[in-house]
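The primary structure of each chain is shown beneath.
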Amino acid sequence: MRSSASTVAWTAAILTSALGAAILFSAEPGINWPIWVAAASVSLILSRLVAVRRVETPLLVLVAWATVLSLGFALTDKEGFYGLIVASDAMLLGLATITLGAERWSDLSAKLLVAVPFLASFRVVTTAAREVADAPNSVSSPRARAIIKGALLSVPLVIVLVALLGSADPVIRWTTERIAGWLPDWSFPPRVLFFAFLLALTLGANSIARRQLAAKFPQYPPFGGRPTVGLTEQRMVLWSASVVLWLFVLLQASYFIHPPPAAVGTGVTFADFARRGFGELSFAATLVGAIILVLEYTQPVDATERDRAILRRLGLALVIALELVLISAFRRVILYEQAYGYTTARVFAQAYMIVMALALGALALEITSARTSIAFGRRVAEIALGAFTVLVFWNFEAWIVNRNIDRAATTGKFDATYAKQLSRDAIPTLVERRAEIPVVQRDSVMMQLGCVQLPAETRWFEWNRSVAAADRALRGVERPPCPRRVSPASLD
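What counts and what doesn't
Residues numbered from 1 in each chain as written. Predicted model: local features only at pLDDT ≥ 70, side-chain atom pairs only at ≥ 80, totals over all residues. Heavy atoms only, no water. Helix = DSSP H or I, 4+ residues; strand = E, 2+ residues; numbered from the N terminus. Buried < 20%, exposed > 50% of the residue type's maximum accessible area, 1.4 Å probe, protein only. Contact = heavy atoms within 4.5 Å. Areas by Shrake-Rupley, 256 points an atom, 1.4 Å probe, with all protein chains shown as cover. Axes fitted to C-alpha atoms, helices over the stretch in contact; angles between N-to-C directions. Parallel < 35°, antiparallel > 145°, perpendicular 65-115°, else oblique. Left-handed = near helix turned anticlockwise from the far one by under 90°. Nonpolar A, V, L, I, M, F, W, Y, C, P; charged D, E, K, R; others polar. 1 Å grid on protein atoms, 1.4 Å probe; cavity = no way out; pocket = protein on both sides within 12 Å on 5 of 7 lines; lining within 4 Å. Points joined across faces, edges and corners; volume = space filled by probe spheres on them. Salt bridge = Lys/Arg side-chain N within 4 Å of Asp/Glu carboxyl O. Phe/Tyr/Trp six-rings, centres within 6.5 Å; stacked < 30°, edge-to-face > 60°. Lys NZ or Arg CZ within 6 Å of the ring centre and 35° of its normal. Patch = residues over 30% accessible without salt bridge, like charges linked within 9 Å, V, L, I, M, F, W, Y side chains within 5 Å. Polar contact = N/O pair within 3.5 Å; in protein donor to acceptor, adjacent residues only side chain to side chain. pLDDT = per-residue confidence, 0-100.

Overview of the overall build of the chain
Tallying secondary structure elements over the chain gives 19 helices and 0 strands in all. Of all 492 residues assigned to the chain, the portion counted as buried reaches 42%. Sequence-distant contacts in the chain: of pairs separated by 6 or more residues, those separated by 24 or more amount to 78%. For the chain, the computed accessible surface area is about 26200 Å², with 67% contributed by carbon and sulfur atoms.

Structure representation (structure tokens):
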């Protein structure tokens, strides 16, 4: 069984790494990334299944979430999201690696995320090295084992040295170019080095999956005695924050009856009332939420049940006030959007408020249970990652364009400058609804679209839905010629 599991781990790692080297190296972002993440996930699950005859729930959840999130590479053209998707996938797959053997999702905590970048890398590299060192042991002849070990040590060294020295010596460079000519799809040595890098990752992860029977969670050093904040101090902090926040909530409620300060000659403009408000309110909710969490953690151990009940009621009252504050902040963003237009920054602000509101709900559960558990950090991480997943799959730039064009129909105002800053996710909507944009702004937008470069011929694994849709939209409309910039030298 051990030999069979080792063979499966090696075979799956080699095939997955070869696939990654073929479709990821020097390729445009597209369907290639989700294909490779799915292949790596299947490789990990297969190695686990063959070795220990089971696949735990946390492993399935983590690799499935990583695969789903990776689909963003094929759905959006927002370059800023690519790095976040790769980082999120790396965290999910790394967490799957260091928690192999955990049987329940509740065994995971947010504290593990801190260890993932360091512990996952260390375990994967050391286990891959161990797997490579053990590989020759399957050969019976001592001389054959020595030759295999020598080759495993020498080949990577030769590749690295050739890569370093090729640019300094014409003979070595000529030789590597000839090899690249024989293998046109495997540029030597960069792609080979990339394959080796992927092989180290996948082989290490697969080897952990087959070797590790039970979870080996990282052990954090103790921080000494648990800090405490006295009952009097806790009551004072909670009471003072509650009074201020509930006063603010009552003022916001009064604005439904009386006009806000922006309309009664206080010198505060509507823009100041709306724009400056939601940022400060969001920060205040985050700050007070963190203070509640700290106070929950630092409750005195000798507090009576009556004292704890009082603190729980104060904490819940403060959480309710914070939720209402977030509702006020969210409403201000809506008012600001209606008055000044929709942007990605305002959408992100609303997404953050929703995440904070849900996190405060999770905190309320912790307060009612009279203790702060590891489940709270995990729930907050799930909420944040869930919100990011929604943003990846939702074409919010097209939604923004639709809302701004709808707004232009009543106000006659359309921010063409901002529309031109959006990615190709927004192009199909701009083209489809261009007739509804005011004439002056429409000409500006169409002039910008005339400068958008149509994608060149792409390979199948570079397919991206957003880029393909933008390509179809641009090819289906007559665009004005792109005005060429005249360089100062050409005027001489």
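Some thoughts on the packing of helix α13 (residues 344-368) against helix α14 (residues 374-393)
Interhelical geometry of α13 versus α14 gives an angle of 155 degrees and a closest axis separation of 10 Å. When the axes of α13 and α14 are compared, the pair comes out roughly antiparallel. In this structure, the crossing between α13 and α14 has a hand that is right-handed. Residues Phe-348, Ala-351, Val-355, Leu-358, Ala-359, Ala-362, Leu-363, Leu-365 and Glu-366 of α13 lie in contact with α14, whose contacting residues are Phe-376, Arg-379, Val-380, Ile-383, Ala-384, Ala-387 and Leu-391. Residues that form the contact of α13 with α14 fall into these classes: 14 nonpolar, no polar and 2 charged.

Thoughts on the layout of surface pockets
Counted as a void, the largest pocket has a volume near 610 Å³. Looking at the largest pocket, it is lined by 27 residues, and the ones nearest its centre are Trp-36, Ala-90, Leu-93, Gly-94 and Leu-201. Elements represented by at least two residues in the lining of the largest pocket include exactly α2 (32-52), α5 (79-98), α6 (111-134) and α9 (190-211). Partitioned by chemical class, the residues of the lining of the largest pocket number 19 nonpolar, 7 polar and 1 charged.

Focus on unusual backbone geometry
Although it is not a glycine, Ser-26 adopts a positive phi angle of roughly 50 degrees. With respect to the helices and strands, Ser-26 occurs in the loop between α1 (2-23) and α2. A residue is classified by how much of its surface remains accessible, and Ser-26, at 58% relative accessible area, is exposed. Positive phi outside glycine occurs at Arg-53, with the angle close to 65 degrees. Checked against the element boundaries, Arg-53 lands in the loop between α2 and α3 (57-70). With a relative accessible area of 61%, Arg-53 lands in the exposed category.

Some details on the pattern of salt bridges
Across all of its chains, the model carries 16 salt bridges by this definition. The salt bridge partner of Arg-475 is Asp-471, with a shortest N-O separation of 2.7 Å. Placement of the pair is Arg-475 and Asp-471 together in helix α19 (residues 465-475), with a separation of 4 residues, close to one helical turn. Judged by its relative accessible area of 54%, Arg-475 falls in the exposed class. Taken together, the shared-partner salt bridges in this structure form one network comprising Arg-403, Asp-406, Arg-433 and Glu-436.

Quick word on the packing of aromatic side chains
Per the stated rule, a full pass over the model turns up 13 aromatic pairs. Ring geometry for Trp-460 against Phe-461: centres 5.4 Å apart, planes inclined by 85 degrees, an arrangement best described as edge-to-face. Relative accessible area serves as the criterion here: at 60%, Trp-460 is assigned to the exposed category. Chaining the aromatic ring pairs together yields one cluster made of Phe-81, Tyr-342, Phe-348, Phe-388, Trp-394, Phe-396 and Trp-399. In this structure, Lys-78 packs its charged tip against the face of Phe-81, placed 5.5 Å from the ring centre. Seen from the ring of Phe-396, Lys-78 lies directly overhead, with NZ or CZ sitting 4.5 Å from the centre.

A few points about a nonpolar patch on the surface
Where nonpolar side chains cluster on the molecular surface, the patch consists of Val-237, Phe-283, Leu-287 and Ile-291 and spans about 350 Å² of accessible area. For the nonpolar patch, the element with the most residues is helix α11 (residues 270-297), which contributes 3 residues. With respect to the helices and strands, Val-237 occurs in helix α10 (residues 231-254).

A look at the side chain of Arg-433
The topology assignment puts Arg-433 in the loop between α17 (427-432) and α18 (439-450). Residue classification places Arg-433 among the buried positions, given a relative accessible area of 14%. At a separation of 2.7 Å, a polar atom in the side chain of Arg-433 contacts the side chain of Asp-406. The contact partners of Arg-433, leaving out residues within four places of it in the chain, are Asn-402, Ile-405 and Asp-406.

A look at the environment of Glu-296
One can find Glu-296 in helix α11. Judged by relative accessible area, Glu-296 falls into the buried class, the value being 10%. The spatial distance from the C-alpha of Glu-296 to the C-alpha of Ile-367 is 7.5 Å, given a sequence separation of 71 residues.

Some words on the environment of Gly-377
Topologically, Gly-377 is positioned in helix α14. It is 9.5 Å that separates the C-alpha atoms of Gly-377 and Leu-363, two residues lying 14 residues apart in sequence.

Let's talk about the confidence of the model for the chain
On average, residues of the chain score 82 in pLDDT, and 82% of them reach the 70 mark or higher. By mean pLDDT, helix α7 (residues 142-165) is the weakest element of the chain at 66, and α3 is the strongest at 95. For residues 486-492, every residue scores under 50 in pLDDT, and the model assigns this stretch 1 contact once sequence neighbours within four places are set aside.

Digging into the side chain of Thr-429
Its place among the elements puts Thr-429 in helix α17. A relative accessible area of 11% means that Thr-429 is categorised as buried. Setting aside residues up to four positions removed in sequence, Thr-429 forms contacts with Ala-398, Val-401 and Asn-402.

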